[in-house]
Amino acid sequence: MITVLPLKTSALADEPGFSLLSRNTAINASDTTQEFCTATGLSKANVCTGRQTELDRLADLTASERSSLTRNSPEQLSRTYSRLHGQQFLTRSLRKQDLAICPVCWLETGTSDKSKLHLRRNWLPRPIQTCPIHKVALIPLPYADYTSCYDHIMRARFEPGWLDRLPRYVQPMRQSPFERAAIFQIESETPMCSWIGDVQIDVVERWCLGLGQFVKRGTGHPADLTREQQRNAINAGFAITEQGASSVFEAVDKALCRHRLRLSKTWLHNWALLSVKPKERSFFRELMRQLCADQGHFCLNSISQKVSVERYVDANIVAIAKAANRHHSWVRMALVRDGLLPEGGNPQQQNLKVHMQKCLAHIQDLVKSLDTTKGAKLLGIGTKGFEALVNDGLLRPIRSTAHKKRRFRREGIEGFSARVRERIAGNTPADDEAYCSIHQACFAYGCTTPQVIRLILTNQLTSLYQHETEDGITGIRVCRSELVAKLPIFTSDHITPHDLTKQLGLKYAELKQLNKLNLLPCYPTPSGCRRRIRNSVSVVILDQFLERFQTVRSAASVLQIEESDLQKRINEVGICPSPDAGGLPVYPAPELLSL
């Protein structure tokens, strides 16, 4: 067995394994690939079916890169499925007897040295009929029998003078949008259409072929079309499909109206997807079943044009009510209140089908939505804290007046909870007393739940942990000292009326009277201070007030005596409150501080 080749050539960037095998067979003057494999101990069948171990041996023998050779070679997963460059295909969708090449690529390489003629990965799928490099049609190689299917160099010699006639076979062909999307999916592993997900390329081709044929011709079988007609039908179907599901429904509607047809179950079997079991076809089968079902519920254009708009809307409302498991009167009421249907009239939209699909989506949102109590329970917080988050703009309700109280999407609440949980990491600290819950922080420091949550979301609070026995926001514990340092009320030069009543010993009503007399004016709280109160008093204004006036508590603090002792002295001396204070227990500062 030969372990070192006397002459060898390595794999090119996009060359499959059987192409590399054929080129090394030619360069070493072997008659057939089977003879070359016998001499080197390789298995021709395993190389052609993409077995990993055999491709690795071939790569080592020819000094090629293992991973690249494996990805560019079709791997037969079963009798039904194969894989090429990470994409799954039906085995019959990859070329074998009809192995094709680009004549311009081979002419550029030069046909004198046959060992340099190689195949490319993108020439193997049957849905691709054009060379993406030179924009010419791929041409099939001469074929003799199954033993030489994958030996492209031997097949080129079957027909005398075939290589010399390559210039005659050059036929310019523009790359279709479907082929461009298919090659992009193979190379980047990105779905051709985002809304259909990761579906096999050959299945999408079959779907587009049937859709394009149905839209253009109505009845008939796609297999009856010529190759050029099939190509045009695929492009037409793909142009509709890539625009989304609503575009597919609209195109089928217009086709039914134009061809005067109705959909039936035979449509499912005569068109694209004959088998029920294969999972790769299930997406399109469900879409086709939905198109059939919509005839009875939503009425396609071919039917809606024969009935009044009122009957069309009524039929849709009944179907929406059935899908949402609600009474049709409630559905109509909700749509009218939310402005999707006019009251006592018919909608004026030109495309009623698309508009009714919007109505269906809106009703489904309302049915699946949560009220404040359930939303707060899902978030792990009290109803007042939940409402504070809504009022602060952190949570947004559904825009609807169908319910008396606000409704919320479950996805929005779960997404908000996930954003908060992402920023909480850590175990229970040793000094648990240095931490408090958000509810305790709001009570102790006068802050609000949204204020603490915003500090968490902006990564200003890092010393956090989740309590073991409590879930949701209720179980979050924040560091007291870190929270106090970040709250604007503890770092600003403003004092809240609540703190001012404690400092001056006045009641809140008396403080409001001083504000009306313009002796102690309040101003809007700075924007950075998110407190429950709306106004605050500047420290500068308070100092100016205390220069003219004093209360019993403020003067006792300055004189460092008890308030009761100071009150006795005031009564003994007979100091009266300042007449400017409107009868409030506010005294002239010089008289009170001289005691």
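Residues numbered from 1 in each chain as written. Predicted model: local features only at pLDDT ≥ 70, side-chain atom pairs only at ≥ 80, totals over all residues. Heavy atoms only, no water.

Undergrad: Requested: an account of the overall build of the chain, with residues and values cited.
TA: Scanning the chain from N- to C-terminus turns up 29 helices and 13 strands. With 595 residues in all, the chain has 47% of them scored as buried. In the chain, once contacts between residues fewer than 6 apart in sequence are set aside, the share between residues at least 24 apart is 63%. Of the roughly 31,000 Å² that the chain leaves accessible, carbon and sulfur atoms contribute 49%. (Helix = DSSP H or I, 4+ residues; strand = E, 2+ residues; numbered from the N terminus. Buried < 20%, exposed > 50% of the residue type's maximum accessible area, 1.4 Å probe, protein only. Contact = heavy atoms within 4.5 Å. Areas by Shrake-Rupley, 256 points an atom, 1.4 Å probe, with all protein chains shown as cover.)

Undergrad: Outline the sheet that holds strand β3 (residues 87-90), listing residues and values.
TA: Pairing is antiparallel in the open sheet, where three strands are placed in the order β1-β2-β3. The open sheet has two free edges, formed respectively by β1 (75-76) and β3, since each of these has just one partner strand. (Pairing = 2+ DSSP bridges.)

Undergrad: Before we move on, can you summarise the confidence of the model for the chain with the specific residues and values?
TA: On average, residues of the chain score 83 in pLDDT, and 90% of them reach the 70 mark or higher. Predicted confidence is poor over residues 524-534, with pLDDT under 50, and the contacts of this stretch with residues over four places away or in other chains come to 28 contacts. (pLDDT = per-residue confidence, 0-100.)

Undergrad: I'd like a description of a positive patch on the surface, backed by residues and values.
TA: Side chains of Lys 216, Arg 217, Lys 254 and Arg 258 sit close together on the surface and give a patch of like positive charge. Only α9 (201-217) and α11 (245-259) provide two or more residues apiece to the positive patch. Within the secondary structure layout, Lys 216 lies in helix α9. For Lys 216, a relative accessible area of 52% gives the class exposed. (Patch = residues over 30% accessible without salt bridge, like charges linked within 9 Å, V, L, I, M, F, W, Y side chains within 5 Å. Salt bridge = Lys/Arg side-chain N within 4 Å of Asp/Glu carboxyl O. Lys, Arg positive; Asp, Glu negative; His and termini not counted. Charge placed at Lys NZ, Arg CZ, Asp CG, Glu CD.)

Undergrad: So, the nonpolar core: which residues are in play, and what are the values?
TA: Ranked by size, the top nonpolar core spans 61 residues in total, and within it Ile 101, Trp 106, Trp 123 and Trp 162 carry the most contacts. Broken down by secondary-structure element, the contributors of at least two residues to this core are β4 (100-101), α6 (103-109), α8 (177-188), α9, α10 (227-241), α11 and α13 (282-297). The dominant element in this core, judged by the number of residues it contributes, is α9, at nine residues. Ile 381, Phe 386, Val 420 and Leu 483 belong to the second-largest nonpolar core, a separate cluster that totals 32 residues. (Core = buried A, V, L, I, M, F, W, Y, C linked by side-chain atoms within 4.5 Å.)

Undergrad: Describe the pairing of β3, with residues and values.
TA: The pairing of strand β2 (residues 81-84) with β3 spans four bridges and is classified as antiparallel. The residue of β3 that forms the bridge with Tyr 81 is Leu 90.

Undergrad: Talk me through the packing of helix α27 (residues 552-559) against helix α28 (residues 563-573); I want residue IDs and the actual numbers.
TA: Remark: α27 packs on α28, axes separated minimally by 9 Å, with the N-to-C direction vectors making an angle of 110 degrees. Regarding the angle of α27 to α28, the classification is roughly perpendicular. Here Val 552, Arg 553, Ala 555, Ala 556 and Leu 559 of α27 lie close against α28, whose contacting residues are Glu 563, Leu 566, Gln 567 and Ile 570. Broken down by class, the residue content of the contact of α27 with α28 amounts to six nonpolar, one polar and two charged. (Axes fitted to C-alpha atoms, helices over the stretch in contact; angles between N-to-C directions. Parallel < 35°, antiparallel > 145°, perpendicular 65-115°, else oblique. Nonpolar A, V, L, I, M, F, W, Y, C, P; charged D, E, K, R; others polar.)

Undergrad: Explain the pairing of β2 to me, using residue names and the numbers behind them.
TA: Side chains Ser 82 and Leu 84 project from β2 onto a buried face, and the interleaved Tyr 81 and Arg 83 project onto a face without burial. Here two bridges tie β1 to β2, and the two strands are oriented antiparallel to one another. Of the residues in β2, the one forming a bridge with Gln 76 is Ser 82. Between the end of β2 and the start of β3, which pair antiparallel, lie two residues, with His 85 showing a positive phi angle near 55 degrees.

Undergrad: How would you explain the sheet that holds strand β8 (residues 476-479) if you had to name every residue and give the values?
TA: Pairing between sheet strands relies on hydrogen bonds along the backbone, with the strands arranged either parallel or antiparallel. If you trace the three strands from one edge of the open sheet to the other, you get β6-β8-β7, paired in antiparallel fashion. Looking at which strands have only one partner, the edges of the open sheet turn out to be β6 (435-437) and β7 (464-466). For this sheet, the mean inter-axis angle between neighbouring strands, taken without regard to orientation, is 30 degrees. When β7 meets β8, the two strands line up antiparallel, connected through three bridges. Note that in β8 the partner of Tyr 465 across the bridge is Arg 477. Along the sheet, helix α21 (residues 438-445) contacts β6 and β8; its crossing angle with β6, the most-contacted strand, is approximately 100 degrees.

Undergrad: A description of the side chain of Ser 22 should follow, citing residues and the corresponding values.
TA: Structurally, the position occupied by Ser 22 is in helix α1 (residues 17-27). Among all residues touching Ser 22, those that are not within four sequence positions of it are Thr 33, Asp 151, His 152 and Ile 153.

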